[in-house]
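Structural description and commentary
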Amino acid sequence: MPNITIQPLTIADADELLFISKTTFITAFGHQNNAADMEQYITEAFTQQKMLAELDNRCSAFFFALVNNQTAGYLKLNWDDAQSDGQLGKQGLEIERIYVLAEFQGQHIGKLLVDHAVNFCRQQNKAFVWLGVWTKNQKAIQFYQKNGFNIVGSHPFLLGQDPQTDYLMQKML
Ligand SMILES: CC(C)(COP(=O)(O)OP(=O)(O)OC[C@H]1O[C@@H](n2cnc3c(N)ncnc32)[C@H](O)[C@@H]1OP(=O)(O)O)[C@@H](O)C(=O)NCCC(=O)NCCS
C-alpha cells in the first residue's frame, strides 16, 4: 500500500508549487483550449512573484499530497477576503485549486484532498465548502458531485482572451 500524506506548504516550496501548478494546468486544460489563450493565462497567473504572494496570504493555505514522499498533487484553500468570488458570502471555504498529477489520478488522492478541505472548513467554523469549475470539465464536475457538491450558480472566468463560464459548486457541512 502506498503511504499517502498531506503536508502544508511554506514559502520554501514556492518553486515546486510553480512547477506543479503549470504542469497540471497544461495537462488538464491544454487540449481543450487555444494555445495562445493558455500561454497568456499561464504567463499571468503562474509567476514566482504571485506564488510567493499567495503563500504569504493569511487567508489562504496550500497542501501537497505526497505518495511515498513524492508530490502527487496539491490543494489551495481560500477564506474570508482571499476568496476569488464573494457571492456565496463569508461563511464559505473555497477550494481554488485541486490538482492530482495524471499518473496519480484514480487512486483516491483527490478524495483525500476534498476530505482535507472539509476538515479544514470545520476547524475554521465555516458552514460550507465551495469551488468554481469550468462547465466543460465534465470529469471534475462528476468527481465533485460524487463527493457531495451541488451546482448552485456560475461566474465568468477569463482564460487569456476567451471568456468562459465556471459552475459554482457547494457542499454544506
Ligand atoms: C478531478 C481530480 C482532482 C480527481 O482526483 P482523483 O484523485 O483522480 O479522483 P479520486 O481517485 O479521488 O476519485 C474519487 C471518486 O470519484 C470518482 N471519480 C473520479 N473521477 C471520476 C470521473 N471522471 N467520473 C466519475 N467519477 C469519477 C472515483 O471513481 C472515486 O469514486 P469511488 O470512491 O467510488 O471509487 C483529478 O482528476 C484532477 O486533478 N484532474 C485535473 C485537474 C482538474 O480538473 N481539477 C479540478 C479543477 S476545478
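This text follows the structure it describes.
None of these values were measured; they are calculated from a predicted model.

1. Comments concerning the overall build of the chain
Per the secondary structure count, the chain includes five helices and seven strands. For the chain, the N- to C-terminal ordering of α and β elements is β-α-α-α-β-β-β-α-β-α-β-β. A compact globule built from 173 residues would reach a C-alpha radius of gyration of about 16 Å, and the chain, at 15 Å, matches this within 12%. Dimensions of the chain, computed from the C-alpha atoms along their principal axes, are close to 40 × 35 × 30 Å. Per-residue burial over the chain gives 46% buried out of 173 residues.

2. Describing the packing of aromatic side chains
Taken as a whole, this structure holds twelve aromatic pairs when the rule is applied. With a centroid separation of 5.7 Å and 25° between ring planes, the pair formed by Tyr74 and Tyr99 is classed as stacked. Here Tyr99 lies in strand 4 (residues 92–100) and Tyr74 lies in strand 3 (residues 70–79), a separation of 25 residues in the sequence. Accessibility assignment for this pair places Tyr74 and Tyr99 in one class, buried. Relative to Phe149, the ring of Tyr144 has its centre 5.6 Å away and its plane inclined at 65°; by these criteria the two rings are edge-to-face. For the pair Tyr144 and Phe149, one class covers both residues: buried. Taken together, the ring pairs connect Phe25, Phe29, Tyr41, Phe46, Tyr74, Tyr99, Trp134 and Phe157 into an aromatic cluster.

3. Details of helix 1 (residues 14–29)
With 16 residues, helix 1 extends 22 Å from end C-alpha to end C-alpha; this agrees with the ideal 22 Å at 1.5 Å per step. For helix 1, the complete set of buried residues consists of Ala14, Leu17, Leu18, Ile20, Ser21, Thr24, Phe25 and Phe29.

4. Some remarks on the site of the ligand
Close to the ligand lie 20 residues, the nearest being Val100, His108, Gly110, Lys111 and Asn137. A distance of 3.3 Å separates an oxygen atom of the ligand from a polar side-chain atom of Gln105. Here an oxygen atom of the ligand and a backbone polar atom of Gly106 are 2.9 Å apart. A total of 930 Å² of accessible area belongs to the ligand in isolation, and the protein chains cover 77% of it. Contributions of two or more residues to the shell around the ligand are made by strand 4, helix 4 (109–123), strand 5 (128–134) and helix 5 (138–146). Examining the composition of the shell around the ligand, we find that six residues originate from one element, helix 5, more than from any other. Broken down by class, the residue content of the shell around the ligand amounts to nine nonpolar, eight polar and three charged.

5. Some thoughts on the side chain of Asp37
Within the secondary structure, Asp37 sits in helix 2 (residues 35–45). Among all residues touching Asp37, those that are not within four sequence positions of it are Leu159, Gly160, Gln161 and Asp162.

Cut-off values and rules
- Residues numbered from 1 in each chain as written.
- Predicted model: local features only at pLDDT ≥ 70, side-chain atom pairs only at ≥ 80, totals over all residues.
- Heavy atoms only, no water.
- Helix = DSSP H or I, 4+ residues; strand = E, 2+ residues; numbered from the N terminus.
- Rg over C-alpha atoms; globule rule 2.2 N^0.38 Å.
- Buried < 20%, exposed > 50% of the residue type's maximum accessible area, 1.4 Å probe, protein only.
- Phe/Tyr/Trp six-rings, centres within 6.5 Å; stacked < 30°, edge-to-face > 60°.
- Expected span 1.5 Å × (residues − 1).
- Near = heavy atom within 4 Å.
- Polar contact = N/O pair within 3.5 Å; in protein donor to acceptor, adjacent residues only side chain to side chain.
- Areas by Shrake-Rupley, 256 points an atom, 1.4 Å probe, with all protein chains shown as cover.
- Nonpolar A, V, L, I, M, F, W, Y, C, P; charged D, E, K, R; others polar.
- Contact = heavy atoms within 4.5 Å.

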